[in-house]
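# Understanding the architecture of this molecule
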Amino acid sequence: MRSRKFLFPGLGFLAVCLALGLLAWRSLPPCPAHQGRLLDQWALDLLSPDPPTRERAAAAVKTLGTNGVPRLITLLEARDTPWKKYGWNYGLKLPLPIRRRVLGRFAPPGASTRRLAAAQALALLGAEARAAAPALARALEDPVMEVHWQAVAALGSIGSDAVPETVRSLQSTNAVVRRGAAHALGRIQAGWDPALPALLEALDDNDPQVRAAAADSLAALARSGSRVQARLVEVLEHGHGAGQEAAAKVVAGIEQGLRGAIPALRKLAREGAPAPRRQAIETLGVLRAADPESVALFSRGLEDPDPQIRLASVKALAQVSARAGPPVEKLAALLSDPSAEIRQWTALTLGRMGPGARPATARLESALQDEAEPVRTAAREALDKIQSRPPE
C-alpha cells in the first residue's frame, strides 16, 4: 500500500517530464543538409586541420546561408548531457532520412567544439547571420576562450546589425565580455556610429584591458572617420585620468591623421595627472611635434620629479632631434639620473643628435664607466656618432 501511495505521483511526474521533453524536442529547429551531410558535420569540418576540407565546409555553410542560422544558434548554445551522448551514438547508425529527422533535433556531443564550430560558421556568413547577434553577444561569456574570440570575430563580420547587442555587452559586469565587445566593435566596417559614445566611455573603464581594447578599436575607426578624431580631441581636452591617457594612446596609434590633436596634447602634458601627462608627451613624440612649444614641454619634462615623465621626455626629444635643437646641457645632465633606463635613452638621444651634441662629450666619456652595460654601450655608440663627422 505504501509503495502505491507514491506510484501515481511518480508516474505523473514522469509524464510531465516526458511531455516537456517532447515540447522542447518539437521546438528545436531542424538541421539543414547539403550534399547528403548535415550542417552540424559541415560546421565541424571548419575546424579540420586539412585546408581542402575546410574549404569544402566553408562553401557548404555559405550555400546553406540564412537557412542554417537557426541551427547554428542552437549549436552555439549547446551544452552536453549524458543522454545526448547515448542518443547521438545510436542515431548515427540509422539510415540517412531517419537520421536527419532524429539527429536534426539534437546537437552531437562535444559541446565546446560545437560552439566553436557554430561561431566560426556564423562569422563566415557575415551579415546573413544577423539573427544570431544576440546569441553571439551571450557567447562572449563562454568559458572557452576560443569560442569567446570566435564570437568576437562573428559579431564584427555581421556589421552594423550587431552594433546594438555588442554595445549592450559593453555594459556587462564581466570585464572579459566588455573587452570582447570593444574588440568586436573595432572590426565593424560601416554603421558603427551608434557605438562611438560607448567606446569613448570605455576609455575610462576600470579594467586596463578593456581600455586598451576600446583604444585599439577607436584607432581603427578613426583612420576612416573624422568624427572619431574630433571626439578624441574632446576627450583629450575635457576628459580625465585613465580616459585621457587611453585617448592619447589612440592618437599615437594613428599618427599623422590626428595632428590636429597636438594643441590638446600639449595642454594635457602641462596640466594632466602624471599618467596622462606621460602618455601625452609620448604621443607628441610619436607625432614628431618639433614646434618650439612642444620642444619646450619636453625640455621641462627632463627635470620632472616623476621618472616616467623624465623618460617620456627623453624619448620624445629622440623623435624630434633631427628637426629641433634639443637642450644639450640639460639633456646631458640626465646621464647621472638614478634610473639606468633614463641614462641609456639619454645617451641614445645624444647620439642621434650627432655633432650637435659635442657639448655633452665629457659626460658621455664618464658614462663609459657606468655600472649598467646598456648605458656604457649607448654612450660608446653616441661618442662614435658625434665624432664620426665634423660639425656642420
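Scope of this entry: the structure provided in the associated data block. (Residues numbered from 1 in each chain as written. Predicted model: local features only at pLDDT ≥ 70, side-chain atom pairs only at ≥ 80, totals over all residues. Heavy atoms only, no water.)

In terms of helices and strands, the protein carries 23 helices and two strands. In the protein, which comprises 392 residues, the proportion classed as buried is 49%. In the form shown here, the protein has an accessible surface area of approximately 19200 Å², with 55% of it arising from carbon and sulfur atoms. (Helix = DSSP H or I, 4+ residues; strand = E, 2+ residues; numbered from the N terminus. Buried < 20%, exposed > 50% of the residue type's maximum accessible area, 1.4 Å probe, protein only. Areas by Shrake-Rupley, 256 points an atom, 1.4 Å probe, with all protein chains shown as cover.)

Here we take up a nonpolar patch on the surface. Taken together, the side chains of M145, W149 and V176 define a hydrophobic patch exposed on the protein surface, amounting to about 230 Å² of accessible area. Tracing the chain through its elements places V176 in helix α11 (residues 175-186). The partly exposed category is assigned to V176, whose relative accessible area is 32%. (Patch = residues over 30% accessible without salt bridge, like charges linked within 9 Å, V, L, I, M, F, W, Y side chains within 5 Å. Salt bridge = Lys/Arg side-chain N within 4 Å of Asp/Glu carboxyl O.)

Scanning the entire structure with this criterion turns up 14 salt bridges. Linking R178 and D205 is a salt bridge whose minimum nitrogen-to-oxygen distance equals 2.8 Å. A residue pair is termed long-range when its members are at least 10 positions apart, and R178 in helix α11 and D205 in the loop between α12 (196-202) and α13 (208-222) qualify at 27 residues. The pair formed by R178 and D205 is uniform in burial state, with each residue classed as buried. Its salt-bridge partner being R278, residue E282 comes within 3.3 Å of it at the nearest N-O pair. Within this pair, E282 and its partner R278 are both found in helix α17 (residues 274-286), separated by four residues, close to a single helical turn. Assessed through its relative accessible area of 28%, E282 is described here as partly exposed. Residue classification places R278 among the buried positions, given a relative accessible area of 16%.

With 15 residues, helix α23 (residues 373-387) ought to run about 21 Å at 1.5 Å a step, and its terminal C-alpha atoms sit 21 Å apart, in line with that. Burial in α23 covers these residues: V375, A378, A379, A382, L383 and I386. For α23, the arc enclosing every buried residue in end-on projection is 135°, short of the 170-degree limit, so these residues lie on one face. On its buried side, α23 packs onto α21 (340-353) and α22 (361-367). (Expected span 1.5 Å × (residues − 1). Arc of directions from axis to C-beta. Contact = heavy atoms within 4.5 Å.)

A few words on the side chain of D45. Considering the arrangement of structural elements, one finds D45 in helix α2 (residues 39-45). The residues contacting D45, other than those within four sequence positions of it, are R37, T53, R54 and A57.

Two elements in contact, helix α16 (residues 262-271) and α17, have axes whose closest approach is 8 Å; the angle formed by their N-to-C orientations is 140°. In this view, α16 runs oblique relative to α17, as classed from their interaxial angle. You can see that α16 and α17 cross each other, and the crossing is left-handed. In contact with I262, L265, R266, L268, A269 and R270 of α16, α17 contributes P276, R277, A280, I281, T283 and L284. Along the lines of polarity and charge, the residues of the contact of α16 with α17 split into eight nonpolar, one polar and three charged. (Axes fitted to C-alpha atoms, helices over the stretch in contact; angles between N-to-C directions. Parallel < 35°, antiparallel > 145°, perpendicular 65-115°, else oblique. Left-handed = near helix turned anticlockwise from the far one by under 90°. Nonpolar A, V, L, I, M, F, W, Y, C, P; charged D, E, K, R; others polar.)

Spatial relationships are all this shows, so hold off on functional conclusions.
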